Every structure is written in C-alpha cells, then in structure tokens.
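The chain contents come next:
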Amino acid sequence: MPKAHLVFGFLGSGKTTLAKRLEIQHSAVRFTPDEWMARLFGEDPPADTFQDRASAILDLMQPIWARCLSLGLDVVLDYGFWSRAERDRARATVEDLGATPVLWALSCSDDEARKRIALRNDAAHRSLYIASATFDLLKARVEPLGMDEAHSVV
C-alpha cells in the first residue's frame, strides 16, 4: 500500500531537509511547493499575489501526487500543513485513494529557525527568500497538532 508522507512544521523547522531524506529512503516522489514558487515566480514573489500563486501551485500538484499514489508510488508532501483542516483534507484524500497517510511533525526553537532561514537566505540556490517580518507574521497561522492526530515526531 503506498504512503503519503505529510510534512508538518513551521518555517525553518527542517521540513524540506526531511522531505528530501524521505524521498530517497522511500523511493518517493517529492512535492515541495516553495521550489515550484521560486522557479515560476522568483525567489521573492510579491506579497499581494503570493497566496493566489501558492494556491494555484497546490491545485496543480494535487492531481499529480494523487495519480502517483493511485499508481502505487509513495509521495512526500512538503507542504507545512499549518492548519488542522489542511491536514484533515490531505489525510482524507490519501485514504480515499487507498493509501496510508503518515504525518511527520517537526519543530525547533524560533531562534534556531531564524538562524536556519538566515543561512538559507544567503545560500546561492535557495527556494524562497523569507524576511524576518514574514516569519513573525506567519508564526500565528500555525495550528498545533491535536492529541488525536497520529504522527511521527522528528
């Protein structure tokens, strides 16, 4: 039975690092929206169009990863899954396709996350640039895992 690895965590928590490791370990197909966003719209897309573009990318990815699961391939969804509703929808879709969802939860201190983001921002081949103000603005949008959400904590 194929698995969909759902990677949950805030900016700088190590989601993409884990997603790349899972991709190799499970011979999975990895879906990292930030990479698509940077490739299509640049490393620092305008804030006024970011959400619409991010939604469009997720809409494009969904039938592709669903098809992979239906073909028996594992997938890694490096989405962040900041809201419970997002996690629930993804798990339901995966289960409807006859696959098994596995939720990976990552976290680190805000200081560590900021250090990681600063290093990533300075890297030659980064995906998206994350400003300090963006970190602060987005932090409030993350809903913690519920006690009933089965997951692997990394």
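A brief report on the enclosed structure follows. (Residues numbered from 1 in each chain as written. Predicted model: local features only at pLDDT ≥ 70, side-chain atom pairs only at ≥ 80, totals over all residues. Heavy atoms only, no water.)

### Points about the overall build of the chain
Turning to step 1, where the next piece is worked out: When its secondary structure is counted, the chain shows six helices and five strands.
Turning to step 2, where the next piece is worked out: The order of α-helices and β-strands along the chain, N terminus first, is β-α-β-α-α-β-α-β-α-α-β.
Turning to step 3, where the next piece is worked out: Counting the 154 residues in the chain, one finds 39% classified as buried.
Turning to step 4, where the next piece is worked out: Considering only intrachain contacts with a sequence separation of at least 6, the fraction spanning at least 24 residues in the chain is 76%.
Turning to step 5, where the next piece is worked out: For the chain, the exposed area adds up to about 8700 Å²; of that, 55% sits on carbon and sulfur atoms. (Helix = DSSP H or I, 4+ residues; strand = E, 2+ residues; numbered from the N terminus. Buried < 20%, exposed > 50% of the residue type's maximum accessible area, 1.4 Å probe, protein only. Contact = heavy atoms within 4.5 Å. Areas by Shrake-Rupley, 256 points an atom, 1.4 Å probe, with all protein chains shown as cover.)

### Thoughts on unusual backbone geometry
Turning to step 1, where the next piece is worked out: The phi torsion at Ser-27 lies on the positive side, around 45°, for a residue other than glycine.
Turning to step 2, where the next piece is worked out: Following the sequence through the fold, Ser-27 ends up in the loop between α1 (15–25) and β2 (29–31).
Turning to step 3, where the next piece is worked out: The phi dihedral of Phe-81 is positive, around 50°, even though this residue is not glycine.
Turning to step 4, where the next piece is worked out: Tracing the backbone shows Phe-81 in the loop between β3 (75–80) and α4 (84–96).

### Things to note about the pairing of strand β4 (residues 100–105)
Turning to step 1, where the next piece is worked out: With five of six residues buried, β4 lies mostly within the body of the structure.
Turning to step 2, where the next piece is worked out: Two elements, strand β1 (residues 3–8) and β4, share six bridges in a ladder whose sense is parallel. In the strand pairing of β4, Phe-8 is matched with Ala-105. (Pairing = 2+ DSSP bridges.)

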